[in-house]
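Okay, here's what each chain looks like letter by letter:
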Amino acid sequence: MWAFIDQLVQQGVEDFFIAPGSRSTPIALAISGHPKARTHLHFDERGLGFFGLGCALAKGKPAAIIVTSGTAVGNLLPAVMEAHHSSIPLLLITADRPSELRETSANQTTDQCKIFQNFVRLQFELGASMPQQSIRSKAAHAVYRSLHPHPGPVHINCPLREPLYPVAFDFMQGTPIAIETILTAICAPKELPSKGIILLGRTSETEEALSIAKRLGWPVFADILSSARISDSVCQIRHFDWLLNEAPRPDCILHFGERLTSKRLMEWIGAKPPTQYLHVSPHSHWCDPSHLLTGRIHATIGSTNFYSEIDPTWLALWKTLDKKIDEKLSDRNDHPFTETVAMKVLKEMPFDNWAIFLANSMPIREGDWFLFPKKAKGFFANRGLSGIDGNLATIAGLSIGLNAPVFAIVGDLTALHDLNSLALLKTLPIVLLISNNDGGGIFSHLPIASDPNFETLWGFSHGRSFEHAARLFDISYSFADDAATLTKAVSKALSEGQSHIIEMVTCRKINAVSHQKLREEVLC
Ligand SMILES: Cc1ncc(C[n+]2csc(CCOP(=O)(O)OP(=O)(O)O)c2C)c(N)n1
């Protein structure tokens, strides 16, 4: 609890309103031991809530309210409702029993997690075993969301296990993290070091991001879902995911837009984080799954004002590495036929005014690694929660919403999951490329692939073909099992522009083994 309270203070929280309780003991002790926290006490939690609300109303800064578990929490509801409707920043820190005591008739134990859900800007649980950095990042996020974009209450539920006293934390230990939050719509000029990198996720401001990269002389790592893929920006490093082994370390990272797909990139950053790591987004959501951000700039990309002294050798170095990987990747033969080879075929296709949808699991990853078509209307995916459900219906909606044809790549389990939605495709200009590797191909890339129960629990071999499904829903159908048949089927389907299913068959084990081999060869 110490790290959480200390970080709240670091983020500008001054006043802590506490009601007595046993389960909240570690929270109260952390606050009372903090030299910069001002404590205010009241025995009645209903009054305590309004006590804190009055203070926050006066100062325009979040007040923290601390209560024990059970009905004490329920007593905060009137103040929380008032804070919600009056836009007053409050942090509701509620002690709770650990999860093993819920639904067991344990004393003073109830479901507190979402008790204020209609009235809070953010609610989360603070896990007892979270690492320090995560706890501090969560504290910074809580304060941020109590103020932006619309002030109001934030609920932090804290399950705490006995012993509650003496507490297990050391006062004054741990280093506060400095999370700078810049909130003005138009940012003051900000100087950055000359060796930086731009991470580009999905955003409506791709052009702005690319022109910042050019101005700074920085390389851009563009995710498949950013439309930068189809730009001819000199700053783009296409094979960033492949060259990280040899890559030099930047002094600064600027992240524009949504989260990126590449896990390898995130691990590389996490292994040696830069001194400055800033996320720029006009949305209020906190995008920092690795808890490494040093700054959050709440602004449109176009309104930022970054500058640096250009070091031309920096971008040139990245371009050289990228070219080397590009040569190694293009210099490959197409045997055996795998999902990777299929991407090489698709990269050359004339997608022009077609939107491209990539289903979760391997299609989005393979796309992120290899898909750089010369033209396309844009790239889309359901990446919020990365589900394999509802993808076919999403594709139908996408085509209607964009009023454009959609070329979609989906795995066989993803297709089976939403098979009913083939009924939506018949009248739409949708080409559905079902990558049938007979089960969950992604799992063959994971260490679990060597488990004796792999096939039953993860592989999920079904032995089905989609030809009958296409016929059932009156959609034309082609089959592909090598580069030539795939090229032919895709070219024909794109030129016809009507609903069409292409079933592409590969073997998931061979896909995984040849991908691994490719990585080893390219990286050696
Ligand atoms: C609704 C839902 N259930 C389960 C998962 C977990 N999951 C992620 S990938 C995957 C396998 C998907 O298989 P497939 O669509 O055939 O694609 P492939 O892995 O072969 O590329 C599963 C089950 C999920 N993401 N969403």
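Just so it is clear, the model here is predicted, and its values are computed rather than measured.

*Asks:* Would you explain the overall build of the chain in this entry?
*Replies:* For the chain, the count of helices and strands is 18 helices and 20 strands. Against the 2.2 N^0.38 benchmark of 24 Å for 524 residues, the chain shows a C-alpha radius of gyration of 26 Å, consistent with a compact globule. Taken over the C-alpha atoms alone, the chain extends approximately 75 × 60 × 45 Å along its principal axes. For the chain, with 524 residues in total, the buried portion stands at 54%. Within the chain, contacts between residues at least 6 apart in sequence are counted, and of these 74% link residues at least 24 apart. Element-wise, carbon and sulfur atoms account for 55% of the exposed surface of the chain, whose accessible area totals about 23000 Å². Side chains of the chain give 48 positive and 52 negative charges; the mean places of these two sets differ by 2 Å.

*Asks:* Please clarify how the packing of helix α10 (residues 312–330) against helix α18 (residues 508–523) should be interpreted in this entry.
*Replies:* A pair of packed helices is characterised by two quantities: the angle between their axes and the separation of those axes. Axis separation between α10 and α18 bottoms out at 10 Å; the angle between their running directions is 135°. The angle between α10 and α18 falls in the class oblique. The handedness of the crossing between α10 and α18 comes out as right-handed. Of the residues in α18, those touching α10 at Ile-325, Lys-328 and Leu-329 are Leu-518, Glu-521 and Val-522. Grouping the amino acids of the contact of α10 with α18 by side-chain chemistry returns four nonpolar, no polar and two charged.

*Asks:* I tried to follow helix α12 (residues 362–370) on my own but got confused; where do I start?
*Replies:* Every α-helical turn comprises 3.6 residues, leaving residues that sit three or four positions apart pointing alike. Most of α12 sits out of view: eight of its nine residues are buried. Those residues of α12 lying buried are Met-362, Pro-363, Ile-364, Glu-366, Gly-367, Asp-368, Trp-369 and Phe-370.

*Asks:* Explanation requested: the site of the ligand in the structure shown.
*Replies:* Ser-361, Thr-414, Asn-437, Gly-441 and Ile-442 are the nearest of the 17 residues found near the ligand. Ser-386 is positioned such that a nitrogen or oxygen atom in its backbone is 3.1 Å from a nitrogen atom of the ligand. Ile-388 is positioned with one of its backbone polar atoms (N or O) 3.0 Å from a nitrogen atom of the ligand. For the shell around the ligand, the secondary structure elements donating two or more residues are α12 and α14 (412–417). At three residues, α14 tops the list of elements feeding residues into the shell around the ligand. Grouping the constituent residues of the shell around the ligand by class yields six nonpolar, nine polar and two charged.

*Asks:* Any chance you could explain the sheet that holds strand β19 (residues 476–480) here in plain terms?
*Replies:* Where strands meet in a sheet, backbone hydrogen bonds hold them as pairs that are either parallel or antiparallel. Taken in spatial order, the six strands line up as β16-β15-β17-β18-β20-β19 in an open sheet, and their pairing is parallel. If you trace the sheet from one side to the other, it starts and ends with β16 (378–380) and β19, each paired once. Going from strand to strand, the sheet's axes swing by 20° on average, the running direction of each strand aside. Note: strand β15 (residues 355–358) against strand β17 (residues 406–411), four bridges, orientation parallel. Bridge assignment links Phe-357 to a residue of β17, and that residue is Ala-408. Sheet strands touched by helix α17 (residues 483–496): β17, β18 (430–436), β19 and β20 (500–505). Its angle to β20, the strand with the most contacts, is close to 170°.

*Asks:* Sorry, what's going on with the domain arrangement of the chain here?
*Replies:* Per the domain assignment, the segments making up the chain are domain 1 (2–159), domain 2 (190–325) and domain 3 (332–523). A C-alpha centroid distance of 35 Å is found between domain 1 and domain 2. Contacts between the two partners involve nine residues from domain 1, matched on the other side by eight residues from domain 2. Both faces considered, domain 1 and domain 2 share a buried interface measuring about 740 Å² in area, 60% of it formed by carbon and sulfur atoms.

*Asks:* Quick question: what am I supposed to make of the pattern of salt bridges here?
*Replies:* Note on pairing: side chains with opposite charge can pair once their charged atoms come close. All chains considered together, the criterion is met by 19 salt bridges. The partner of Arg-264 in a salt bridge is Asp-241, with the nearest N and O atoms 2.7 Å apart. A residue pair is termed long-range when its members are at least 10 positions apart, and Arg-264 in helix α9 (residues 263–271) and Asp-241 in helix α8 (residues 240–243) qualify at 23 residues. The closest approach of N and O atoms between Arg-508 and Glu-455, which form a salt bridge, is 3.1 Å. With a gap of 53 residues between them, Arg-508 in helix α18 and Glu-455 in helix α15 (residues 454–459) connect regions that are remote in the sequence. Classification of Arg-508 as buried rests on a relative accessible area of 6%. Of the residues examined, Glu-455 reaches a relative accessible area of 32% and is grouped as partly exposed. Through salt bridges with shared partners, one network takes in Glu-14, Asp-15, Arg-38, Lys-59 and Lys-61.

*Asks:* I tried to follow the packing of aromatic side chains on my own but got confused; where do I start?
*Replies:* Here the distance between the centres and the angle between the planes together describe a pair of aromatic rings. Enumeration over the complete set of coordinates arrives at nine aromatic pairs. On the numbers, 5.4 Å between centres and 65° between planes, the contact of Phe-221 with Trp-318 is edge-to-face. A residue pair is termed long-range when its members are at least 10 positions apart, and Phe-221 in strand β10 (residues 220–222) and Trp-318 in helix α10 qualify at 97 residues. Ring geometry for Trp-314 and Trp-318: centres 5.8 Å apart, planes at 80°, overall edge-to-face. Of this pair, Trp-314 and Trp-318 both sit in helix α10, separated by four residues, roughly a single helical turn. Since its relative accessible area comes to 3%, Trp-314 is described here as buried.

*Asks:* Looking at this structure, I do not really get the environment of Ser-194. What am I missing?
*Replies:* Within the secondary structure layout, Ser-194 lies in the loop between β8 (190–191) and β9 (196–200). Exposure remark for Ser-194: the relative accessible area of 24% places this residue in the partly exposed category. Sequence spacing of Ser-194 and Trp-314 is 120 residues, and the spatial spacing of their C-alpha atoms is 8.0 Å. With sequence-adjacent residues up to four places away left out, Ser-194 is seen in contact with Trp-218, Ser-308, Glu-309, Asp-311 and Trp-314.

*Asks:* So what exactly am I meant to see when it comes to the nonpolar core here?
*Replies:* Nonpolar side chains in soluble globular proteins tend to end up buried together. Among the nonpolar cores identified, the biggest contains 81 residues, and Leu-254, Phe-256, Phe-407 and Leu-486 are the most heavily contacted of them. The residue makeup of this core includes at least three contributed by each of domain 2 (190–325) and domain 3 (332–523). Beyond its immediate chain neighbours, meaning those up to four positions away, Phe-407 contacts Leu-346, Phe-351, Trp-354, Ala-355, Ile-356, Phe-357, Val-431, Leu-433, Val-490 and Leu-494. Judged by nonpolar contacts, the second largest core, of 31 residues, contains Ile-66, Ile-135, Ala-139 and Ile-156.

Each value, and the rule that gives it
Residues numbered from 1 in each chain as written. Predicted model: local features only at pLDDT ≥ 70, side-chain atom pairs only at ≥ 80, totals over all residues. Heavy atoms only, no water. Helix = DSSP H or I, 4+ residues; strand = E, 2+ residues; numbered from the N terminus. Rg over C-alpha atoms; globule rule 2.2 N^0.38 Å. Buried < 20%, exposed > 50% of the residue type's maximum accessible area, 1.4 Å probe, protein only. Contact = heavy atoms within 4.5 Å. Areas by Shrake-Rupley, 256 points an atom, 1.4 Å probe, with all protein chains shown as cover. Lys, Arg positive; Asp, Glu negative; His and termini not counted. Charge placed at Lys NZ, Arg CZ, Asp CG, Glu CD. Axes fitted to C-alpha atoms, helices over the stretch in contact; angles between N-to-C directions. Parallel < 35°, antiparallel > 145°, perpendicular 65-115°, else oblique. Left-handed = near helix turned anticlockwise from the far one by under 90°. Nonpolar A, V, L, I, M, F, W, Y, C, P; charged D, E, K, R; others polar. Near = heavy atom within 4 Å. Polar contact = N/O pair within 3.5 Å; in protein donor to acceptor, adjacent residues only side chain to side chain. Pairing = 2+ DSSP bridges. Domains from an automatic or database assignment. Buried area = accessible area lost by both parts, 1.4 Å probe. Salt bridge = Lys/Arg side-chain N within 4 Å of Asp/Glu carboxyl O. Phe/Tyr/Trp six-rings, centres within 6.5 Å; stacked < 30°, edge-to-face > 60°. Core = buried A, V, L, I, M, F, W, Y, C linked by side-chain atoms within 4.5 Å.

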